[in-house]
Amino acid sequence: MDEDRTRVVLADDDVLLREGLASLLERSGFEVVGQAGNADELLALVRERRPVLAVVDIRMPPTHTTEGLDAARVIREEFPETGVLMLSAHVEVDQAMELLAAGHRVGYLLKSRVTDVADFVETLERIAHGGSVVDPALVTELITARRRHDPLELLTDREREVLALMAEGRSNAGIAHKLWITEGTVEKHVRSIMSRMRLPETEDDHRRVLAVLAFLESR
């Protein structure tokens, strides 16, 4: 055992990919201390070998859904000092966000990035040293999803100002005084906000609360 080399376990049911990764990592100065083809083998290896890093495919046998992610959760709970890099063939936002919520010694990378050896090695080194790494494609997807679901996207600048003041608890009269507009104009803005945000037709006070909640969640 070489104490100067970063100890890694690999988990992927694609034997060719796994062997290729192992060869790449060995040539790059890492010590591959075990390989697994499913989640159970991975957990057994981690418990026995106590690696610095685990490189894990999100989808593994038997169902090829979230076995890798589930195993990563267990690793995080039992061995918080072990870094985890999840590999995926596709951008999977929900799974990635759950893992990345840990905030340190964790990463999410598309398998297509592995072909850039220098970047891949740098990613592993950053995670081993306590950092986190997010695939650029995931960042793009998150931004797109946020835009797609942002309830404030359709509001005008003035309507956003009105909504921000509503969030401060101001009445229509208070908003009018603050913005130097009439109370009637404020009421028009409020009606437009409710319509653009597609809030359900309920009593005005409840709709104001819903609008404010949406505003706060988007910040």
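Residues numbered from 1 in each chain as written. Predicted model: local features only at pLDDT ≥ 70, side-chain atom pairs only at ≥ 80, totals over all residues. Heavy atoms only, no water.

## Quick word on the nonpolar core
Judged by nonpolar contacts, the single largest core of 26 residues is most densely connected at Val9, Leu42, Val56, Ile75, Met86 and Tyr108. Breaking this core down by element, the ones donating at least two residues are strand S1 (7–11), strand S2 (31–36), helix H2 (39–49), strand S3 (53–57), helix H3 (67–78), strand S4 (83–88), helix H4 (93–100) and strand S5 (106–110). Ranked by residues supplied to this core, first place goes to H2 with 5 residues. What Ile75 contacts, discounting residues up to four positions off in sequence, is Leu42, Leu43, Val46, Ala54, Pro80, Thr82 and Val84. Grouped together as the second largest cluster of nonpolar side chains are 20 residues, Ala22, Val55, Leu85 and Val121 included. (Core = buried A, V, L, I, M, F, W, Y, C linked by side-chain atoms within 4.5 Å. Buried < 20%, exposed > 50% of the residue type's maximum accessible area, 1.4 Å probe, protein only. Helix = DSSP H or I, 4+ residues; strand = E, 2+ residues; numbered from the N terminus. Contact = heavy atoms within 4.5 Å.)

## Remarks on the sheet that holds S3
In space, the 6 strands of this open sheet follow the order S2-S1-S3-S4-S5-S6, with parallel pairing throughout. The sheet is open, and its two edges are formed by S2 and strand S6 (132–134), each paired on a single side. Pairwise comparison of adjacent strand axes, ignoring direction, gives a mean angle of 20° for this sheet. Bridge count between S1 and S2: 5 bridges; the pairing is parallel. Within S2, the position partnered with Ala11 by the bridge is Ala36. Against the sheet, H3 makes contact with S3, S4 and S5, and its axis sits at roughly 175° relative to S4, the strand it touches most. In the packing of helix H5 (residues 117–128) onto the sheet, the strands contacted are S3, S4, S5 and S6, and the crossing angle to S4 comes to about 145°. (Pairing = 2+ DSSP bridges. Axes fitted to C-alpha atoms, helices over the stretch in contact; angles between N-to-C directions.)

## Digging into the environment of Ile58
Inspection of the secondary structure puts Ile58 in the loop between S3 and H3. Note: C-alpha distance between Ile58 and Ala72 (14 residues apart in sequence) is 8.7 Å.

## Considerations on the UniProt feature "modified residue: 4-aspartylphosphate" (unreviewed entry) in the chain
Per the UniProt record, the feature "modified residue: 4-aspartylphosphate" (unreviewed entry) sits at Asp57. Asp57 gets classed as buried once you look at its relative accessible area, which sits at 6%. Once residues lying within four places of it in the same chain are set aside, the contact partners of Asp57 are Ala11, Asp12, Asp13, Gly68, Met86, Leu87 and Lys111. (UniProt positions renumbered as here; feature names shortened; annotations may be inferred.)

## A look at the side chain of Ser192
Tracing the backbone shows Ser192 in helix H9 (residues 183–196). Given the relative accessible area of 19%, Ser192 is considered buried. Among the polar contacts listed, one links the side chain of Ser192 to the side chain of Glu159, at a separation of 2.5 Å. (Polar contact = N/O pair within 3.5 Å; in protein donor to acceptor, adjacent residues only side chain to side chain.)

## Quick look at unusual backbone geometry
A cis amide bond links Pro61 to the next residue, Pro62, at an omega of 10°. Within the element layout of this structure, Pro62 appears in the loop between S3 and H3. Phi at His64 is positive, roughly 55°, even though this residue is not glycine. Note that His64 resides in the loop between S3 and H3. Judged by relative accessible area, His64 falls into the partly exposed class, the value being 35%.

## Digging into a negative patch on the surface
There is a patch of like negative charges on the surface, built from Asp116, Asp119, Glu122 and Glu125. On the secondary structure map, Asp116 appears in the loop between S5 and H5. The exposure class of Asp116 is partly exposed, given its relative accessible area of 37%. (Patch = residues over 30% accessible without salt bridge, like charges linked within 9 Å, V, L, I, M, F, W, Y side chains within 5 Å. Areas by Shrake-Rupley, 256 points an atom, 1.4 Å probe, with all protein chains shown as cover. Salt bridge = Lys/Arg side-chain N within 4 Å of Asp/Glu carboxyl O. Lys, Arg positive; Asp, Glu negative; His and termini not counted. Charge placed at Lys NZ, Arg CZ, Asp CG, Glu CD.)

## What to know about the pattern of salt bridges
Overall, the coordinates contain 10 salt bridges when judged by the stated rule. Close ionic contact of Asp57 with Lys111 constitutes a salt bridge, the shortest N to O distance being 3.2 Å. Taken as a pair, Asp57 in strand S3 and Lys111 in the loop between S5 and H5 lie far apart in primary sequence, 54 residues in all. Of the charged contacts in the structure, one is a salt bridge between Asp135 and Arg113, with a shortest N-O distance of 3.0 Å. Taken together, the residues Asp135 in the loop between S6 and helix H6 (136–149) and Arg113 in the loop between S5 and H5 connect sequence positions 22 residues apart. On the basis of relative accessible area, Arg113 is assigned to the partly exposed category, the value being 34%. One continuous salt-bridge network, built from bridges that share partners, spans Asp12, Asp57 and Lys111.

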